[in-house]
Amino acid sequence: MILDARVLDPEFVPREVVHRDSEVDALSNALSPVTDGEPADTALLFGPSGTGKTCLARYTVGQLRETVIDVRTQYVNCWQNYSRYRVLYSILEGLDRTIDIHRQSTPTDVLLERVQAYDGPPFVVVLDEVDQLEDTGVLYDLYRTHGVSMVLVANREEDLFAGLDDRLVSRLHGSQRVRFEKYGVDELAAILRARVIRGLTEDAVDDANLRYIADAAAGDARIAISTLRTAARVADRQGMDSLPESVIVDAVPEAREEIQRKNLDQLKPHQKVLYEIIEEHETIAPGTLYERYREQVADPRSDRTLRTYLNKLATYDLVVPEGENRGRIYRLASQES
DNA sequence: GTTCCACCGGAAACGGGGGACC
DNA sequence: GGTCCCCCGTTTCCGGTGGAAC
């Protein structure tokens, strides 16, 4: 039943972007100077998870490469590349200039010098999840680098600007902003339909079931596509030639669990211990949490490190901190009231 | 109103791991 | 092989915040 599994991959960039025409136009306009060999202004993409920001950024930059011969591009995920060093290294990878750079011994300044020495055609850098950067100074570095144009992707404008250097904030003031709203059920169903046409056999799933998936995903395309993929995999394994409603209904919670499992798999052992302690209690105060943690591990980390871990868990949407100061408690995101 | 205390997070220091250089 | 340098995860230190207790 599955003809092309890549289409159901969360990273897949389709040949046509559905229901985001105005956003594509806005980003294309922002990048239009590149078609004349000039650097473009910084573009900022904001919106909740699963609204198509990353997909649209990759799609638009891909289109640019098809129409402009002389342009270079690089995609950097700031979640994985959160330090100044890693961002610069990743950018140099896009320029094929990492030969003789050693990740353990070459100073950051050398990487920056090498980026700033770039004198080729316009270079467009997409910095995804840019609000996850631990050192945002690299944005100022890049802003001042001639020939480099940035597309910054983040969930919330306030979160991004809160962490930025004042000089950069004022310079980004006039930048092109593209805002993404959650998809409606019809829009999500159309996105799924486009994937079904390219990835599954004809009539593998009817419109009513696609709308069911779209409705359950609550505006999040990532969850919708994950649900479709989970259902297709199950049906394919069982030798079915279409997706029955029962398989789709089961796939809805499974897809959410799969996303959560993937997040859990990325945790370090000590972070997992914290997660499991919070899981055991409905809610838990920080002091008690630290105490239980120290009881369970042989080589406990300091409380300060635990606070860093807990912030990480919150960023992964696994744990929710509630209240301030002495009233602070932690609970699992899946048990949110 | 004042003091105490739990909690948060920034900044600087520290140390491990790893590569370059002699 | 020894030394130097670098990044990065962690620790230490500490000031800020705000609710509780007096």
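Heads up: these notes are all about the structure in this document.

Conventions adopted
- Residues numbered from 1 in each chain as written.
- Chains lettered and ligands numbered in written order.
- Predicted model: local features only at pLDDT ≥ 70, side-chain atom pairs only at ≥ 80, totals over all residues.
- Heavy atoms only, no water.
- Salt bridge = Lys/Arg side-chain N within 4 Å of Asp/Glu carboxyl O.
- Buried < 20%, exposed > 50% of the residue type's maximum accessible area, 1.4 Å probe, protein only.
- Helix = DSSP H or I, 4+ residues; strand = E, 2+ residues; numbered from the N terminus.
- Near = heavy atom within 4 Å.
- Polar contact = N/O pair within 3.5 Å; in protein donor to acceptor, adjacent residues only side chain to side chain.
- Nonpolar A, V, L, I, M, F, W, Y, C, P; charged D, E, K, R; others polar.
- Contact = heavy atoms within 4.5 Å.
- Phe/Tyr/Trp six-rings, centres within 6.5 Å; stacked < 30°, edge-to-face > 60°.
- Lys NZ or Arg CZ within 6 Å of the ring centre and 35° of its normal.
- Disulfide = S-S within 2.5 Å.
- Axes fitted to C-alpha atoms, helices over the stretch in contact; angles between N-to-C directions.
- Parallel < 35°, antiparallel > 145°, perpendicular 65-115°, else oblique.
- Left-handed = near helix turned anticlockwise from the far one by under 90°.

So, on to the pattern of salt bridges. If you walk through the whole model with that rule in mind, you get 20 salt bridges. With a closest N to O distance of 3.1 Å, D159 and R156 form a salt bridge. On the accessibility criterion, D159 (40% relative accessible area) is partly exposed. Close ionic contact of R292 with E295 constitutes a salt bridge, the shortest N to O distance being 3.6 Å. You can see R292 and its partner E295 sitting in helix α13 (residues 286-296), 3 residues apart, about one turn around the helix. If you follow the salt bridges from partner to partner, you end up with R229, R233, E258 and K262 in one network.

A few words now on the protein's contact with DNA strand C. Surrounding DNA strand C, one finds 18 residues, the nearest of these being Y82, T108, T305, N325 and R326. A share of 76% of the atoms of DNA strand C within 4 Å of the protein falls on sugar and phosphate groups. Here a phosphate oxygen of DNA strand C and a side-chain polar atom of K268 are 3.4 Å apart. Backbone polar atom of S302 to a phosphate oxygen of DNA strand C: 2.9 Å apart, as the coordinates give it. At the level of secondary structure, the elements contributing two or more residues to the surface near DNA strand C comprise α3 (84-94) and α14 (303-315). Here the surface near DNA strand C is composed, by residue class, of 4 nonpolar, 8 polar and 6 charged.

Close contacts around DNA strand B come from 13 residues, with H102, Y290, R304, R307 and Y330 the closest. At a separation of 2.4 Å, a phosphate oxygen of DNA strand B approaches a polar side-chain atom of H102. One of the side-chain N or O atoms of Y290 is found 2.8 Å from a phosphate oxygen in DNA strand B. For the surface near DNA strand B, the secondary-structure elements that each account for two or more residues are α13 and α14. Looking at the surface near DNA strand B, its residues break down into 3 nonpolar, 6 polar and 4 charged.

Mapped onto the elements, E129 comes out in the loop between β3 (123-128) and α5 (137-143). The exposure class of E129 is partly exposed, given its relative accessible area of 30%. Sequence spacing of E129 and V153 is 24 residues, and the spatial spacing of their C-alpha atoms is 5.6 Å. Aside from chain neighbours lying at most four places away, what touches E129 is N77, C78, W79 and V153.

Glancing now at the packing of aromatic side chains. The full count for this structure, using the stated rule, is 2 aromatic pairs. Measuring from centroid to centroid gives 4.7 Å for W79 and Y316, while their planes differ by 65 degrees, and the two rings are edge-to-face. Within this pair, whereas W79 is found in the loop between β2 (72-77) and α3, its partner Y316 is found in the loop between α14 and β6 (319-322), the two being separated by 237 residues in sequence. What makes W79 buried here is its relative accessible area of 13%. On the basis of relative accessibility, which here comes to 9%, the residue Y316 falls in the buried class. For the pair Y118 and F123, a centre-to-centre distance of 5.6 Å together with 55 degrees between the ring planes defines the contact as tilted. One exposure class covers both Y118 and F123, and it is buried. Residue placement shows R167 over the ring face of Y140; its charged tip is 4.0 Å from the ring centre. Sitting over the ring of W79, K312 keeps its end group 5.5 Å from the ring centre.

Here the focus is the state of the cysteines. Considering all chains together, one arrives at 0 disulfides under this definition. The structure places no disulfide on C78, whose sulfur is separated from the nearest cysteine sulfur, that of C55, by 18 Å. The class of C78 is buried, set by a relative accessible area of 0%.

Here we take up unusual backbone geometry. For residues other than glycine, phi is negative in most cases, and the peptide bonds are mostly trans. The phi dihedral of D203 is positive, around 60 degrees, even though this residue is not glycine. According to the relative accessible area criterion, D203 is exposed, its value standing at 66%. A positive phi angle, near 50 degrees, is found at A218, a position not held by glycine. Along the chain, A218 falls in the loop between α9 (207-216) and α10 (221-237).

Two elements in contact, helix α8 (residues 185-199) and α9, have axes whose closest approach is 8 Å; the angle formed by their N-to-C orientations is 120 degrees. In terms of orientation, α8 and α9 fall into the oblique class. Between α8 and α9 lies a crossing whose hand is right-handed. Together, V185, D186, L188, A189, L192, R193 and V196 of α8 and D207, L210, R211, I213, A214 and D215 of α9 make up the contact between the two elements. A class-by-class count of the residues in the contact of α8 with α9 yields 8 nonpolar, no polar and 5 charged.

Here we come to the environment of A40. Positionally, A40 belongs in the loop between α1 (21-31) and β1 (43-46). Relative accessible area serves as the criterion here: at 9%, A40 is assigned to the buried category. Apart from the residues within four sequence positions on either side, A40 is in contact with A30, L31, P33, V34 and S149.

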